[in-house]
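Architecture and fold: a report
For reference, the chains in residue letters:
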2 protein chains.
Amino acid sequence: MQTKIVTVKLNKHCYDIIIGSGLIAQAVSKIKHYLHQKSSHQIRLAIVTDKNVAAFHLNTLQTKLAENEIYTIPIIVEAGEQSKSFPILQNVIDKILVARLERGDSIIALGGGVIGDLAGFAASIIRRGMHFIQMPTTLLAQIDSSVGGKTGINSPYGKNLIGTFYQPQCVIADTDVLNTLPSREFRAGYAEMVKYGLINQPHFFEWLEKNWQKVFSKGPIQIEAIARSCQFKADIVTHDEHETGQRALLNLGHTFGHMLETATTYDSNRLIHGEAVAIGIILAHQFSEQLNLISPTVTQRIKAHFKTVGLPTQLQDIPGKLPDAETLMTFIAQDKKVSQNNLTFILTRALGQSFIAKNVSPNAVLTFLKQKLMKSD
Amino acid sequence: MQTKIVTVKLNKHCYDIIIGSGLIAQAVSKIKHYLHQKSSHQIRLAIVTDKNVAAFHLNTLQTKLAENEIYTIPIIVEAGEQSKSFPILQNVIDKILVARLERGDSIIALGGGVIGDLAGFAASIIRRGMHFIQMPTTLLAQIDSSVGGKTGINSPYGKNLIGTFYQPQCVIADTDVLNTLPSREFRAGYAEMVKYGLINQPHFFEWLEKNWQKVFSKGPIQIEAIARSCQFKADIVTHDEHETGQRALLNLGHTFGHMLETATTYDSNRLIHGEAVAIGIILAHQFSEQLNLISPTVTQRIKAHFKTVGLPTQLQDIPGKLPDAETLMTFIAQDKKVSQNNLTFILTRALGQSFIAKNVSPNAVLTFLKQKLMKSD
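Reading the values: the criteria
Residues numbered from 1 in each chain as written. Chains lettered and ligands numbered in written order. Predicted model: local features only at pLDDT ≥ 70, side-chain atom pairs only at ≥ 80, totals over all residues. Heavy atoms only, no water. Helix = DSSP H or I, 4+ residues; strand = E, 2+ residues; numbered from the N terminus. Rg over C-alpha atoms; globule rule 2.2 N^0.38 Å. Areas by Shrake-Rupley, 256 points an atom, 1.4 Å probe, with all protein chains shown as cover. pLDDT = per-residue confidence, 0-100. Contact = heavy atoms within 4.5 Å. Phe/Tyr/Trp six-rings, centres within 6.5 Å; stacked < 30°, edge-to-face > 60°. Lys NZ or Arg CZ within 6 Å of the ring centre and 35° of its normal. Pairing = 2+ DSSP bridges. Axes fitted to C-alpha atoms, helices over the stretch in contact; angles between N-to-C directions. UniProt positions renumbered as here; feature names shortened; annotations may be inferred. Buried < 20%, exposed > 50% of the residue type's maximum accessible area, 1.4 Å probe, protein only. Domains from an automatic or database assignment. Buried area = accessible area lost by both parts, 1.4 Å probe. Salt bridge = Lys/Arg side-chain N within 4 Å of Asp/Glu carboxyl O. Polar contact = N/O pair within 3.5 Å; in protein donor to acceptor, adjacent residues only side chain to side chain. Nonpolar A, V, L, I, M, F, W, Y, C, P; charged D, E, K, R; others polar. Right-handed = clockwise from strand over helix to strand, strands pointing away. Expected span 1.5 Å × (residues − 1). Arc of directions from axis to C-beta.

On to the overall build of chain A. Looking only at helices and strands, chain A features 13 helices and 11 strands. Relative to a compact globule of 377 residues, whose C-alpha radius of gyration would be 21 Å, chain A shows 20 Å and is just as compact. C-alpha extents for chain A along the principal axes are approximately 70 × 40 × 40 Å. Counting only carbon and sulfur atoms, one obtains 50% of the accessible surface of chain A, whose full area is about 14,200 Å².

Residue and element names in this part refer to chain A. The share of residues in chain A with pLDDT of 70 or more is 96%, and the mean pLDDT across the chain is 93. Of the regions scoring below 50 in pLDDT, residues 336-340 engages in 18 contacts with residues more than four places distant in sequence or in other chains. For this predicted complex, the interface score ipTM comes out at 0.88, alongside a pTM of 0.91.

All names here are of chain A. Tallied over the full model, the rule gives 21 aromatic pairs over all chains. Three or more aromatic residues joined by ring pairs form one cluster here, namely Phe186, Tyr190, Trp212 and Phe216. Sitting over the face of the ring of Trp207, Arg228 holds its NZ or CZ atom 4.8 Å from the ring centroid. Directly above the aromatic system of Phe355 lies the positively charged group of Arg349, at a separation of 3.9 Å from the ring centroid.

Residue and element names in this part refer to chain A. Read across the open sheet, the seven strands follow the order β1-β2-β9-β6-β5-β3-β4; overall the sheet is mixed. The open sheet has two free edges, formed respectively by β1 (4-9) and β4 (70-77), since each of these has just one partner strand. On average, each strand axis in the sheet is tilted by 20 degrees relative to the strand beside it, whichever way the strands run. This element, helix α3 (residues 86-98), spans β3 (43-50), β4 and β5 (106-111) of the sheet and lies at about 160 degrees to β4. Together, β3, β4, β5 and β6 (131-136) form the strand contacts of helix α4 (residues 113-125), whose direction differs from that of β5 by roughly 165 degrees.

Attention now goes to the UniProt feature "binding site: NAD(+)" (unreviewed entry) in chain A. Residue and element names in this part refer to chain A. This chain's UniProt record puts "binding site: NAD(+)" (unreviewed entry) on Gly113, Val114, Ile115, Gly116, Asp117, Thr137, Thr138, Lys150 and Lys159. Mapped onto the elements, Val114 comes out in helix α4. Owing to a relative accessible area of 17%, Val114 belongs among the buried residues under this scheme. If near-sequence neighbours (up to four positions away) are discounted, Val114 is found in contact with Gly80, Glu81, Ser83 and Lys84. With respect to the helices, strands and loops of the structure, Lys159 is situated in strand β8 (residues 158-162). On the accessibility criterion, Lys159 (12% relative accessible area) is buried.

Residue and element names in this part refer to chain A. Residues annotated in UniProt with the feature "binding site: Zn(2+)" (unreviewed entry) correspond here to Glu192, His254 and His273. Spanning 82 residues, the annotated positions come together in the fold, the maximum distance between their C-alpha atoms being 10.1 Å. Here Glu192 lies in helix α6 (residues 183-200). Look past the residues within four positions of Glu192 in its chain and what remains in contact with it is Leu140, Ile143, Asp144, His254, His273 and Val277. One can find His254 in helix α9 (residues 254-263).

All names here are of chain A. Partitioning chain A into domains gives domain 1 (3-180) and domain 2 (204-374). When each unit is reduced to the centre of its C-alpha atoms, the spacing between domain 1 and domain 2 is 27 Å. Listed as interface residues are 29 residues of domain 1 and, on the opposing side, 23 residues of domain 2. Buried area between domain 1 and domain 2, summed over both chains or domains, comes out near 2,400 Å², and the portion from carbon and sulfur atoms is 63%. The tally of links from domain 1 across to domain 2 stands at three salt bridges. Taken together, domain 1 and domain 2 are joined by six residue pairs in polar contact (both at pLDDT 80 or more). Elements with a contribution of two residues or more to the side of domain 1 that touches domain 2: β1, β2 (14-20), α5 (139-145) and β8. With six residues, α5 is the single largest residue contributor to the side of domain 1 that touches domain 2. Looking at the side of domain 1 that touches domain 2 residue by residue, the class counts come to 13 nonpolar, nine polar and seven charged.

Here we come to the sheet that holds strand β2 (residues 14-20) of chain B. Residue and element names in this part refer to chain B. The sheet built from seven strands is open, its strands ordered β1-β2-β9-β6-β5-β3-β4 with mixed pairing. Both edges of this open sheet fall to β1 (4-9) and β4 (70-77), since each of them pairs with a single strand only. Strand after strand, the sheet turns through a mean of 20 degrees between neighbouring axes, direction not considered. Across eight bridges, the pairing between strand β3 (residues 43-50) and β4 is parallel. In the sheet register, Val48 faces β4, and the bridge partner there is Ile75.

This part covers the pairing of β5(A). Successive residues of a regular strand alternate their side chains across the two faces of the sheet. Residues and elements named next belong to chain A. With six of its six residues buried, β5 lies for the most part within the structure. Residue alternation in β5 divides its side chains into two sets, Ser106, Ile108 and Leu110 and Ile107, Ala109 and Gly111, and both sets are buried. In this sheet, β5 lies alongside β3 in parallel orientation, the contact comprising five bridges. Bridging from a neighbouring strand, Thr49 pairs with Leu110 of β5. Where β5 meets β6, six bridges bridge the pair, whose relative direction is parallel. Paired with Ile107 across the strands is Phe132, a residue of β6. After leaving β5, the chain enters α4 and then returns to the sheet as β6, a path that is right-handed.

Moving on, we come to the pattern of salt bridges. A complete count under the given rule lists 28 salt bridges over all chains for this structure. One salt bridge connects A:Arg301 with A:Glu209, and the closest N-O pair in it is separated by 2.7 Å. Highlighted residues: A:Arg301 in helix α11 (residues 296-309) and A:Glu209 in helix α7 (residues 202-215), separated in sequence by 92 residues. According to the relative accessible area criterion, A:Glu209 is partly exposed, its value standing at 26%. Between B:Lys233 and B:Asp144 there is a salt bridge whose closest N-O contact spans 2.6 Å. On the criterion of sequence distance, the pair formed by B:Lys233 in helix α8 (residues 220-239) and B:Asp144 in helix α5 (residues 139-145) is long-range, its members being 89 residues apart. A residue is classified by how much of its surface remains accessible, and B:Asp144, at 11% relative accessible area, is buried. Salt bridges here are not isolated pairs; linked through shared partners, they connect A:Glu81, A:Lys84 and A:Asp117.

Here we take up the environment of B:Ser106. Residue and element names in this part refer to chain B. For Ser106, the location among the structural elements is in strand β5 (residues 106-111). The sequence separation of Ser106 and Leu322 amounts to 216 residues, and the corresponding C-alpha distance is 43 Å. Sequence-distant contacts of Ser106, defined by excluding residues within four places in its chain, comprise Tyr34, Leu35, Leu45, Ala46, Leu101, Met130, His131 and Ile133.

This brings us to α11(A). Residues and elements named next belong to chain A. With 14 residues, α11 should reach 20 Å at 1.5 Å per residue; the first-to-last C-alpha distance of 20 Å fits that figure. Burial in α11 covers these residues: Val298, Thr299, Ile302, Lys303, His305, Phe306 and Val309. Down the axis of α11, the sector holding all buried residues measures 160 degrees, keeping them to one side. Turned more than 90 degrees from where α11 packs its buried face, Thr297 and Lys307 sit exposed.

With respect to the element layout, B:Ser124 can be found in helix α4 (residues 113-125). Among the polar contacts listed, one links the side chain of B:Ser124 to the backbone oxygen of B:Phe121, at a separation of 2.7 Å. Aside from chain neighbours lying at most four places away, what touches B:Ser124 is A:Gly163, A:Thr164, B:Gly129, B:Thr151, B:Thr164 and B:Tyr166.

Given below as structure tokens:
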């Protein structure tokens, strides 16, 4: 099956995202030239992964590397958002320092967004920067978090408040891993793919409406959808690596989404990131309706597609009780996308015509949230 | 008295080092254009400092800022190397997040190298990068650690093993603070100034030999010496921001120096950084003698100057017992300047002609250390 390559061209650094089937087993050939060959010693690298991913894929990767005389130090953390914390970060760093890995040595992040964020952050601050290779194992990580160089951990005061911009040497997205991904995780990642269409590519949204079943199955259409998503994100990141401008468009659905993740205390039984984004996208469109920016038919069309693929679309789809609107607002205010106490939202003028709206009135948001909590659509 | 400005020109960022008398009191005018003016709100910024510095200078700075309606959040840590740790870092980060400072807001580092490294590291990883202003209050920080953008904390496995390259918005070096600096601290900073001469500016070393008494006193020669030092370091950093090449020359005396700091467990009663560097510089020259690179007269001249100003020059000048040579070697091996198990040292071919020597034999170093432990010069 065809392998696709998307190149991320940044000012001072350029790297490839390689997308295709069977890439974990072929990883050695892809990464070998990034590895620091010691004159008289074995190549050594660390693999940061979580327990779930380790069970499926670690052995394959380690075996293939060992066959090529690359010695690996596996660092296995608990699966889930709680691993993006200071204690776990310190633990990962200590293990890498104890193994005496050096500045030119590499850390592989084998896992989803949590692993990429954690391992990437560790790589960026150990010895002021080690080499770093992403091997994303979820759809979300393959199309979103592994592209663009955001790393970080959570603080008790909010998500991703501590981190760096740090680019990998390369990203290797093996689409075979998606076979072992729970379908709920796949759907959640798919919400971010739809988001790319809704930002400024209505044709991509239409293409997804027609082809989503093939995107959900192994094959060339799936690889194409992932490659198009990576290309889209890479283009935005290329123009705005440090999120001072248009990169903020990628936050479509995310201000409401993060609010919901905080409200559900990141309890994955209730809500996972992509589900929060799906509901957030619908809320951003409904809020745009209220400001007379779009007609309800736009929102309805997106909502219908989310329902078809099995994604939640409203507050009432979240199991359990949510806090009141005033409490939800405090979660928005601590979000790092708040600039100087004016609320910034990504709103939209039509299907696939999103824009950055600054100076959104907190009162208007509060009233809107009260309505949405009151009754389901 | 004249103010001198050294501009650090990096690829993507350019900033000024401002050196002169009375600058803390004038800080507002120097930093105002770096501060994020909120439309309807006060400017707020954090000042990270230590207890010793706070007692002398915090009130002046806060009062001047308050007169200009700039609200400050002071974050005061214990003085000393032990503040470069994960728990203190977390504490600083938490206080900044609790105060709801945002990405465009600033953190001022008011203190010596420890404060600059700690606050700079915090600034680099909070919200993926806040603004950062250095106000160095020791000679060492003014001529060395505040220039060049290295930030970090220590790990149980070694010094500065966790950190980032992160540049400030500006550096404000008020030479008046040097009046309150203990003379031992001043001398230690002076060792780094001598180092700049010994790297590749023999004329600057000669100038220091002649003018050192004026450098040790308030006045234009002191300001000139600091400005020349900053300019020298800025030039090296400009050509090699991320230490992939010639920046390593700045490590003259530091491989032995760090070894001695580890050996004395960073106990400032026994040894402080600049003193370790002074002894390290002499050791690097003596080791160069052994390799027949220089004649003993070069070392003798430097040693005489160090003795004149009151700096230590040999292992026997360190109070207390040192570990044996084998143990000292293990400290060198964990140093981050070790690349791929070959030892790298900065050695010299003449007075002020240092070079990067790779593939130095660990056995030669071991034998040399045994000799030096055995008897004083």
